[in-house]
Structure formats: C-alpha cells, structure tokens
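Observations on the three-dimensional arrangement
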Amino acid sequence: MDEPLILDDLAVFSGARRLLQLSLTVRPGQVVTVMGPSGSGKSSLLAAITGTLPAGMRATGQVLLGKMNLGALPPERRRIGILFQDDLLFPHLSVGGNLAFGLAQGGSRAERRARVDAALADIGLAGFADRDPATLSGGEKARVALMRTLLSEPCALLLDEPFAKLDQSLRAQVRQLVFDRARGLPVILVTHDPADADAAGGPVVTIGG
Amino acid sequence: MRGRSGTGLLPPVILGLMLLPVAAGLAGTVMPAMGHLPAAGFSGFSLMPFAMLAETPGLGRAVGLSIWTGIAATALSLAITILIAAGWAGTRAFGRLERGLAPLLAVPHAAAAFGLAFLIAPSGWIARLVSPWLTGWTRPPDLLVLADPAGLALIAGLVIKEVPFLMLMLVAALPQANPAQRIRLARSLGYGPVRGWLRGVLPAIYPQIRLPIYAVLAYSMTAIDTALILGPTTPPTLSILILRWTAQPALDYRLVAAAGAMLQLGLVVGALALWRLAEIGYARLMVMRVCAGARGGHGAETALRALGGAVTALVSGILGGGLVTLALWSIAGPWGFPMPLPEALTGVTWARHAAHFGEASLNTAFVALTTTAIALVLALTLIETAPAGQRADRAGWLIYLPLIVPQISFLPGLQTALIGMGLGQGFTPVVMAHLVFVFPYVLLSLADPHAALDPRYDQMARSLRQGAWARLWRVRLPLLLRPMLTAAAVGMSVSVALYLPTLLAGGGRIATLTTEALALAAGGDRRAISVFALVQGAAALVPFVVAALGPAIIWRNRRDLRHG
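Residues numbered from 1 in each chain as written. Chains lettered and ligands numbered in written order. Predicted model: local features only at pLDDT ≥ 70, side-chain atom pairs only at ≥ 80, totals over all residues. Heavy atoms only, no water.

Residues and elements named next belong to chain A. If you check the domain split of chain A, you get domain 1 (1–79 + 154–209) and domain 2 (89–153). Facing eleven residues of domain 1, the contacting portion of domain 2 comprises eleven residues. The contact between domain 1 and domain 2 buries some 920 Å² in all, and 73% of this surface belongs to carbon and sulfur atoms. Looking only at domain 1, the three residues that lose the most surface to domain 2 are Pro-154, Leu-177 and Arg-181, adding up to 54% of its buried area. Where domain 1 meets domain 2, there are two salt bridges. Between Arg-181 and Asp-122 there is a salt bridge, and its shortest N-O distance comes to 2.6 Å. For the pair domain 1 and domain 2, the interface holds two residue pairs in polar contact (both at pLDDT 80 or more). Top element by residues in the side of domain 1 that touches domain 2 is helix H5 (residues 168–181). It accounts for five residues. (Domains from an automatic or database assignment. Contact = heavy atoms within 4.5 Å. Buried area = accessible area lost by both parts, 1.4 Å probe. Salt bridge = Lys/Arg side-chain N within 4 Å of Asp/Glu carboxyl O. Polar contact = N/O pair within 3.5 Å; in protein donor to acceptor, adjacent residues only side chain to side chain. Helix = DSSP H or I, 4+ residues; strand = E, 2+ residues; numbered from the N terminus.)

This brings us to the sheet that holds strand S3 (residues 31–35) of chain A. Backbone-to-backbone hydrogen bonds pair the strands of a sheet. The strands run either parallel or antiparallel. Residue and element names in this part refer to chain A. Spatially, S6-S7-S8-S3-S9 is the arrangement adopted by the five strands of the open sheet, whose pairing is parallel. With partners counted over all chains shown, the strands left at the sheet margins are strand S6 (80–83) and strand S9 (204–206), one partner each. Strand-to-strand twist of the sheet, defined as the mean angle between neighbouring strand axes without regard to direction, takes the value 20°. Strands S6 and strand S7 (156–160) of the sheet are contacted by helix H4 (residues 138–151), whose axis makes an angle of about 175° with S6. (Pairing = 2+ DSSP bridges. Axes fitted to C-alpha atoms, helices over the stretch in contact; angles between N-to-C directions.)

Moving on, we get to the packing of helix H8 (residues 179–188) of chain B against helix H9 (residues 193–222) of chain B. Residues and elements named next belong to chain B. The N-to-C vectors of H8 and H9 enclose an angle of 130°; their axes lie 9 Å apart at closest approach. Here H9 runs oblique to H8, going by the angle between their axes. H9 is crossed by H8, and the crossing has right-handed handedness. Contact residues: Pro-179, Arg-182, Ile-183, Ala-186 and Arg-187 in H8; Pro-193, Gly-196, Trp-197, Gly-200, Val-201 and Ala-204 in H9. (Parallel < 35°, antiparallel > 145°, perpendicular 65-115°, else oblique. Left-handed = near helix turned anticlockwise from the far one by under 90°.)

Residue and element names in this part refer to chain A. Most of strand S8 (residues 187–191) is tucked away: five of the five residues are buried. The alternating pattern of S8 places Val-187, Leu-189 and Thr-191 on one face and Ile-188 and Val-190 on the opposite face, and all of these are buried. What joins S7 to S8 is H5, and the crossover it makes is right-handed. (Buried < 20%, exposed > 50% of the residue type's maximum accessible area, 1.4 Å probe, protein only. Right-handed = clockwise from strand over helix to strand, strands pointing away.)

Once that is clear, we can look at helix H14 (residues 348–385) of chain B. Over its 38 residues, H14(B) runs 53 Å from end to end, which matches the ideal 56 Å to within 8%, given 1.5 Å per residue. The largest bend in H14(B) comes to about 60°, at Ala354(B). (Expected span 1.5 Å × (residues − 1). Bend = angle between axes of the 7 residues up to and from the residue.)

In this complex, chain B contributes 26 residues to the contact, which on the side of chain A involves 29 residues. Regarding the contact of chain B and chain A, the summed buried area is about 2600 Å², with carbon and sulfur atoms giving 60% of it. At the surface where chain B touches chain A, the tally comes to three salt bridges. The salt bridge partner of Arg462(B) is Glu76(A), with a shortest N-O separation of 2.8 Å. Where chain B packs against chain A, one counts eight residue pairs in polar contact (both at pLDDT 80 or more). Of all elements in the fold, only helix H18 (455–463), helix H19 (468–479) and helix H24 (559–562) of chain B reach the threshold of two or more residues within the side of chain B that touches chain A.

Another point: unusual backbone geometry. Glycine aside, the phi torsion of most residues is negative, and most peptide linkages are trans. The omega torsion across Ser131(B) and Pro132(B) is -10°, close enough to zero to call that bond cis. Mapped onto the elements, Pro132(B) comes out in the loop between helix H6 (125–129) and helix H7 (152–173). The omega torsion of the bond from Thr234(B) to Pro235(B) falls at -5°, within 30 degrees of zero and hence cis. Mapped onto the secondary structure, Pro235(B) falls in the loop between helix H10 (225–230) and helix H11 (238–246). Even without being a glycine, Glu161(A) presents a positive backbone phi close to 45°.

Bringing the packing of aromatic side chains into the picture now. Residue and element names in this part refer to chain B. For the structure shown, the criterion picks out ten aromatic pairs over all chains. An angle of 90° between the planes, with centres 6.3 Å apart, marks the rings of Phe-357 and Phe-532 as edge-to-face. In this pair, Phe-357 sits in helix H14 while Phe-532 sits in helix H23 (residues 526–554), placing the two residues 175 residues apart along the sequence. The class for Phe-532 is buried, based on a relative accessible area of 0%. (Phe/Tyr/Trp six-rings, centres within 6.5 Å; stacked < 30°, edge-to-face > 60°.)

A few words on the domain arrangement of chain B. Residue and element names in this part refer to chain B. Per the domain assignment, the segments of chain B are domain 1 (1–30 + 346–564) and domain 2 (58–235 + 305–330). Summarising the inter-unit geometry, the C-alpha centres of domain 1 and domain 2 are found 24 Å apart. Of the residues lining the interface, 31 residues belong to domain 1; the matching set on domain 2 comes to 30 residues. For the pair domain 1 and domain 2, the summed buried surface comes to about 2600 Å²; carbon and sulfur atoms form 75% of the total. A per-residue breakdown of the area domain 1 buries against domain 2 is headed by Tyr-400, Leu-518 and Arg-526, which together make up 24% of the total.

We now examine the sheet that holds strand S1 (residues 5–14) of chain A. All names here are of chain A. Reading across from one edge, S2-S1-S4-S5 is the order of the four strands in this open sheet, with antiparallel pairing throughout. Unpaired on one side and paired on the other, strand S2 (17–26) and strand S5 (68–69) mark the two borders of the sheet. Where S1 lies against S2, eight bridges are found, and the strand directions are antiparallel. Pairing of Phe-13 across the sheet is with Arg-18, part of S2. Across the sheet, helix H1 (residues 42–50) is in contact with S1, S2 and strand S4 (57–65); its angle to S1 comes to roughly 120°.

In this structure, Ile49(A), Ile188(A) and Trp197(B) are the most contacted members of the largest nonpolar core, which totals 196 residues. Broken down by element, this core gets its largest block of residues, 15 residues, from H9(B). Residues within four places of Ile49(A) in sequence aside, it is in contact with Leu7(A), Leu10(A), Val63(A), Arg78(A), Ile80(A), Leu158(A) and Ile188(A). Leu83(A), Leu89(A), Leu177(A) and Val178(A) belong to the second-largest nonpolar core, a separate cluster that totals 34 residues. (Core = buried A, V, L, I, M, F, W, Y, C linked by side-chain atoms within 4.5 Å.)

Next up, the structure:
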C-alpha cells in the first residue's frame, strides 16, 4: 500500500502499429486523467496496466507499483482494481454474493458476511445482500461495483469512463463517491468528459489526436 | 485457464482422439476391401472383393437409389429451409418457429420415420380418415406407398428431419449477416422482401451453413434407420445392402461389405464434389441475375411467402401427425380398417412391453449421460484452452468429418479394430462410438455462446484477484449454464437416436430404445413399434425440457439470466 503507480515508457502496439507511448507517475491519493478521442487507445492503456491486452496487441516498457515490476505477474496478482462503463455485476450472484466475490480471502463465513453487510451499510444499501443485482437502479449498481472493487483491497484503481452511462443527475454524485473512497490510492481516470477531469482535480494527460 | 502455458497441446490431442476412431475405422475398411483380412484367412492384396461386389445383382440400382434419394432429400430440405426463411425470417411467426425447432429436432429419425409410415401407409391413418366415404376403400388399397421403388417415402422421411436441422443451423448463422438491415436496404432499392433475402442475406450465410448441408447430404445418401423403415427393399439403397453383408455369417461377405463401404465413401465424395460445383454454378448465375437487376412482381413475392407457409405447415403437420398416430397405435385396442379411430383404448401394449422398454431406457440413458458428460468436459477443455483470440471450432472441417464420412464406411472397420483390442462388446465401445458423433454437436453448440460471453466479466474477476479455477467455476460456468444444458440436450438427443454405432460397437448386445425399435420394424407389430418409438422420442425430448426449465428454476431470482 501507499506506493505510487509508475508507467515507465509504456507503449502499446496493435500489430506493428504503435497506439500510444507514455511515462507517468501517479502518487497515492492522486487522480491522473487521461483524455483522448475514441480509438486513441485509452482502454488499451488500461488493459496494458492490468495485463489483459487482447490477442494481437502487446506492450513494451514497464508498469511498476513502487519498486515492484508488475509485468511478470498475472492480472489477478497485480492488485489493480478497475471499474468499467458498465457495472459488470455478476448476474448469477446476489448483491451480497458480488461483494463477497470481491472481498479479499480470509475470515470465517460469519466474519465475511458481517464485512459484506457493513460494506453495504457503508454505501447506504443496508439489507440489500440478498437482492438480485438486476433489480437495482443505475446509481445503486455503480455503488455496489465500486465497493466490490474496494473490498478486494487494490493497490491502485483504474477508471475506464465509469460515469459515462450514468445520467447527468447521478454522475456528479457517483463521481464524488468514487473519488472520496479511492483516497489514498493512485488512480488513473480515462474519460472524454472534461467535467470528469475537472472533478478529478489532478493532472491531465492527453493522448492521440 | 485461458492463456496459461502448457495447455497448447491439448486441442490437437483432443481433436486427434476424436478423429482416431474415424481413421481406424476407415483403415479397417480399406484393408479388407483390398482383400486383406487375416482373421478370416484372407491375406495379401487383391481386387477380388470389388470383383465380387460388381457381380452383386441389383448393385447398379442400389447405387442409383443412394445417389437419387440422398441428393433429392438434401436439395429438397435446403430449398424448403430457404423458402421458409426467405418468406418469414424476422416475423413473429418465425420467432415462434425458432422456439419450436429444438423439440422438432429432438424427434429421432426412427420415431419420425415410423410416424410417417403409419400415417401414409395404404392402411395408415390418412387412408382411414378418408375411407370409405371419399375413396370407397373398405380394405387397404394395393398401393406401394411405403418402400416404393423410387424411394419417395424415404426422401420424405429424410426431409421432415433435415429441414428442422438445417433451419436451426441457418437461424444460428442469421444474426451475423445482420438480416434486418440488409432487407431494409434491399427494399429501399426496390426489391421485395423475399427477393431481397435471397439476394442480400442468403449469400452471406450460405458459407456458414455449408458444412451442415454437406453433413445432411452425406447422411441422407447413407441413412440406415430411415431407409430400413421407409426405403425400398429389392434392391435397397447401397448402405442397407452393406449392412446385410456385414450381418452375413460367411466371412467372404466381410470383404464384399468392405468393398461396398469404399464404394459408398466414393459416392459421397463424388456427390459432395458435384454439390460444390452446383454451388459455384448457382453463384455465377445469381451474380448475373443480380446484375440484371430484375425486381420481379409483387405477385411472385406473395406466392413464395404463401408457399413457404404451406410447406412449414406440411412438414410440421407430418411430424406432429406421425407422433399422434404413434400415440394412437400405442393405446389402440382393436382397430380395423377403415375405422378412423381405434374401437377401444387400452394400456395393455404399454403394460406388456414395460419391462422390455424399461431396460432399454436404462441402457439408453446410461449411454447418453456418460457420452454427453465426457463430450461436455472435452468440448469445454478444448474451448477453454484455445489460444486467446482463436475459436476452438475454427477447425470446422475436422469437427464435421465424423458427420460427413458415411457411418457404414467406417463403423464396421472400427468394430473390427475394437474386437482386435478385446473391446468387441459392452458399454465402453458403445460410449466410444457415440462420442464420435456426440462430441461435434456438443462442441458446435457450445462454441458460439462461449465466444459471446463478455470478456470483461473475466477481466473484472481477475482485477478482483480471482485465480483461473475460481474464474472458471464461479464466473464462466455459471454464466454458461444455459448453453451448457442446451449443448447437453443436443448431445443426448443425438446419442439416443444413434442406431448403427450402437448396433456395431455393442456387438448387438447393448439394447437401446433405438436398436429395439428397429428390431421390431421387420415384425410389423404397429402397437409395439409405437410404444418404443414414443419412448425413444420422449428420451430425446426430456433433456430439452430440462435445459429449458433448469435455468428458469435455478435463476428464478436472477432476472438477467432467466431468459436466454
């Protein structure tokens, strides 16, 4: 924890074509906004950091968490949380099941259940554990998705336009919640909404275009 | 598991294992066809088997029948399928048809053929319904409706089963062609919907249904169970001749059978080549027609649509009517001609055969469940270990190979090979033989839904620090529950209906519903046949019911998964 996320000359290639190249240090508690037109490789940048680039794409350079090189680690051991445009709550699990899925390993069944209940209360959704995620409102889903990622105890957080699909009235509210909750983590926010960048308050990097 | 090293070898190994029986079976056919069968005291190589084959009386007619019935059934099935789709795709009626396809498809060939036979025979239900008030018949007329020398009844029996199959394949391929948009474009250019579909959508999906069509052609040319029930007898089709030879006790008939099997294979390859040429010719013709830009009249459009509707009603009517006929016979007391309905209904036939079909049902269920479970595991392994970005069903030709090589051309050879390994009878060789046919269908029905799974669920699970097994068991498999159950239902219905593989690999000792129904065919006891054909049909249908109801019950509190 409390290590900066460092992109050291990170370049992403699709076949032989270079999509982007950048170096960046994100301190804990800092939100760096990456902006660029669609097709500029914003999502690919995040996939390179999480280690989930699709077939046919590759990355060069280094991704570091403090001094630890993440390049050699499989995605599930990098401890990089990510939130997408869609909430991607697992449709086969209950709301509580989704949170328990994210909750880091350890603890008895009762302890884990208590932590899930506490997390739900924390985001104003007390008693929602047994609900079907499909019955939640957009704002509620966004809160559950955020909490699920935080419960996995990530060391850095990536945001792939997570507010784009929320309607205007909700957007500011959810955005504030995410930034509040992610305090203490290095955060990279990918967006093409200038209002997101303003709210993030950190440095803005523009790629492509 | 995806992307882990060390699994790259698995796909070729699994594919190899699946193709090995076909290769071994073909080898076991080629050698005796060349006169080499040491077990029977023939060694060295000679053309004697082919010479004996050539001397068979009626061979020419048998060959002609195989080619004619196979090509006619395939062409007719394809034409009907295209006609229905062109006229009705995108309508509500077509949506209902789509949902009804799986149960139609589940009806085994044998049950459908028996139903058709009892419907159209001179003493069949149709004749009874219109006699004597319309026809004047008080006794069954002396007409050769079944087993007619031209094979028309056989063609009809094949068509009613192959239309649902081709339709299912077409429906699966349809979304990739974006039909609604193409039709809108064609109509804005002044083409009617049918013509627009034929010229704008069909060319885009034909390549995707080409292999299923080839499988239908190969199957129709070499069908065993349908031909035993509906086909001509003197002479029969070539595949039935070969089957008779394999059943002969005299060993030199093995050589003739092997030579016949090679001839059968050659005929299928030739017919496939012919079909391919016809495809190319038709494509050229269509390009010329399209360039001519003819829009056609509104009348032709309406007529084609009406014809499509009528044919749909006819095909489903024959299938459904056949099943009703079977049901009536199974509970019929005395039923003299030309009474339209039995004089009394009774459960005595069911009671009499209960023990018999009970045991056959258990065998059928055991083989189907075992085979399907193995096929599911193998197919999932293959799909999951496929290199990222590569589809497991990319090796299309290889997967379809067991469905295209005629059963009668490699199963006798496989039987010989199995006997050589000390596996001449019992459940193990039957399951192995069934796997050859079940695996391709399971793999094909699983590949598309697996590829359609949103990869971000997996990425999300990885970012939540879940390892490979947890992601498989707790994310991908639950999300794939519905398609897995459907794939299992398809696999089980295929297994339930298999006749020749059960008969040959089991050494005639494993009695399934299908082998017992076919064994009864020669006896002509309509009541007993009906009971077995109905139980066979039910055995093929039950898995589809489970596949439909299972997710609805398991996911009753999960709205996004309740409906496919």
